Structures are given as C-alpha cells and as structure tokens.
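# Analysis of the macromolecular model
What follows is each chain in one-letter form.
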Amino acid sequence: MLPVLLALAASAMPVPPGEQPVDPYAQSDANAGAMRFQGQSMWHAFHEQAGVQRIVDGFVDRDIADPVIGEIFKGQDIVRLRRTLKEQFCYILNGGCAYSGRTMKEAHKNLGIQIKDMNVLVVNLQKAMAAEGVPFFAQNRFLAKLAPMKKDVVVR
Ligand code: HEM
C-alpha cells in the first residue's frame with residue numbers, strides 16, 4: 001500500500017525543467033520554517049520579486065564559490081535550490097508566493113552542516129542583501145526569522 005501511495009504522490013509532483021526529481025513529500029507553506037511577515041514593508045525593503053531574485057542568485061553564487069562551504073554545494077541540484085530559496089524568501093517576506101520545497105530538516109539532513117558553515121552562509125546572505133541595498137534594519141529582521149532554523153540545519 002505505502003509504495004503505491006508514494007508513487008501516486010511522486011507522479012503528482014512534476015519535476016520542473018532542469019531539475020532532478022526528489023523523494024516525495026507533502027507540500028506546505030509550513031515547510032518554509034518561519035511565519036511570514038505582516039504587511040508589505042519587508043517585501044518593499046527587499047525590492048520585491050526582482051530584488052529577491054537578485055539577492056538569492058547573488059547569495060547562491062557566493063555560497064558555491066566560497067572557500068569554506070562551497071564544497072557542500074558540489075553535486076547538488078542548484079537549479080532547484082535557487083527556485084525553492086526564491087519561493088521561501090518571497091513567502092517569508094509576504095510577497096504572495098507559496099513555498100513548494102521540503103522542510104529545512106529534510107533538505108539538510110545528509111549534508112553534515114556545522115555551526116561554522118551556518119555562520120559563513122549568514123555572512124554571504126548579508127553581502128547579497130547589502131549589494132541589493134536592503135536597509136540594515138530589514139536585513140536583521142529577516143535574519144532573525146532564519147536564525148531558529150539553525151536547529152534543523154546544523155548537525156548535533
Ligand atoms: C537558515 C539557513 C538556511 C536556509 C533558510 C536554507 C534553505 C534551503 C532551501 C529552501 C533548500 C531547498 C529545499 C528543497 O530542495 O526542497 C535548501 C537546500 C540546501 N541547502 Fe540550505 N538553507 C539554510 C542553511 C544551509 C547551510 C548552512 C548550508 C551549507 C553551508 C546549506 C546548504 C544547502 C544545500 C547544499 C542544499 C541542497 C540539498 C539538496 O538538494 O538535497 N543550507 N536550503
């Protein structure tokens with residue numbers, strides 16, 4: 001019975017162009033790991049859809065090229081990562097997106113991420129937000145939303 005249900009769930013999840021299939025999972029905005037902001041001020045501070053796209057692309061580019069954490073991204077599905085990160089940021093910033101990705105626990109479970117890796121990733125995100133001209137207070141409000149996800153991302 002279970003294999004049949006999983007196969008059904010998988011067939012209901014088409015693989016977007018350029019991406020690899022992943023094991024079936026239940027889609028939910030709750031998978032994004034944070035409640036979204038109220039109102040539009042954070043969405044505007046991040047320069048809406050075009051700004052979020054530039055920030056995520058700059059962030060992922062920095063992570064891939066990073067001397068400390070770059071190795072963790074080798075061989076991963078970066079097309080999917082860019083898409084789901086854009087959805088996640090847009091959802092949390094209350095930009096009107098749904099998040100279709102996996103939970104933070106599920107997505108990072110086999111990566112062996114340590115606290116030092118998380119710290120480097122945060123610096124890379126700060127650089128990407130600064131390059132977009134996101135005001136400092138808005139950067140910090142966003143980082144405060146991501147901070148509790150550490151428990152699901154970092155190995156204990
Ligand atoms: C709060 C911090 C973090 C957030 C919000 C975040 C967000 C995400 C999201 C949305 C995905 C895609 C989920 C999916 O494919 O369904 C993902 C996957 C991934 N993340 Fe993170 N992440 C965080 C921390 C980290 C850290 C610290 C690293 C490594 C230094 C990392 C490396 C990766 C990699 C390599 C993948 C791809 C995994 C795969 O395709 O199987 N992430 N992350």
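Residues numbered from 1 in each chain as written. Predicted model: local features only at pLDDT ≥ 70, side-chain atom pairs only at ≥ 80, totals over all residues. Heavy atoms only, no water.

Going by what an unreviewed UniProt entry lists, the chain is known as Group 1 truncated hemoglobin and is assigned to Sphingomonas chungangi.

Before going further, it helps to examine the coordination of the iron atom of the ligand. Donation to the iron atom of the ligand from the protein comes from one atom only, His 108 (NE2), at 2.0 Å. When you line up the elements, His 108 lands in helix 5 (residues 104-108). (Donors = N, O, S within 2.8 Å, 3.2 Å for Na, K, Ca; no water. Helix = DSSP H or I, 4+ residues; strand = E, 2+ residues; numbered from the N terminus.)

On to the pattern of salt bridges. All chains considered together, the criterion is met by 10 salt bridges. With a shortest N-O distance of 3.1 Å, Glu 87 and Arg 83 are connected by a salt bridge. In this pair, Glu 87 and Arg 83 both sit in helix 4 (residues 78-92), four residues apart, roughly one turn of the helix. On the basis of relative accessible area, Arg 83 is assigned to the partly exposed category, the value being 24%. Here Asp 152 and Lys 151 are joined by a salt bridge, their closest N and O atoms 3.5 Å apart. One network of salt bridges, with partners in common, ties together Asp 57, Asp 61, Arg 82 and Lys 86. (Salt bridge = Lys/Arg side-chain N within 4 Å of Asp/Glu carboxyl O. Buried < 20%, exposed > 50% of the residue type's maximum accessible area, 1.4 Å probe, protein only.)

One can describe the packing of helix 6 (residues 115-131) onto helix 7 (residues 136-146) by two numbers: an axis separation of 11 Å at closest approach and a directional angle of 150°. In terms of orientation, helix 6 lies roughly antiparallel with respect to helix 7. When you trace helix 6 past helix 7, the crossing you get is right-handed. In this structure, helix 6 uses Met 118, Val 122, Leu 125, Gln 126, Met 129 and Ala 130 to contact helix 7, whose residues at the interface are Gln 139, Phe 142, Leu 143 and Leu 146. Across the contact of helix 6 with helix 7, the residue classes tally to eight nonpolar, two polar and no charged. (Axes fitted to C-alpha atoms, helices over the stretch in contact; angles between N-to-C directions. Parallel < 35°, antiparallel > 145°, perpendicular 65-115°, else oblique. Left-handed = near helix turned anticlockwise from the far one by under 90°. Contact = heavy atoms within 4.5 Å. Nonpolar A, V, L, I, M, F, W, Y, C, P; charged D, E, K, R; others polar.)

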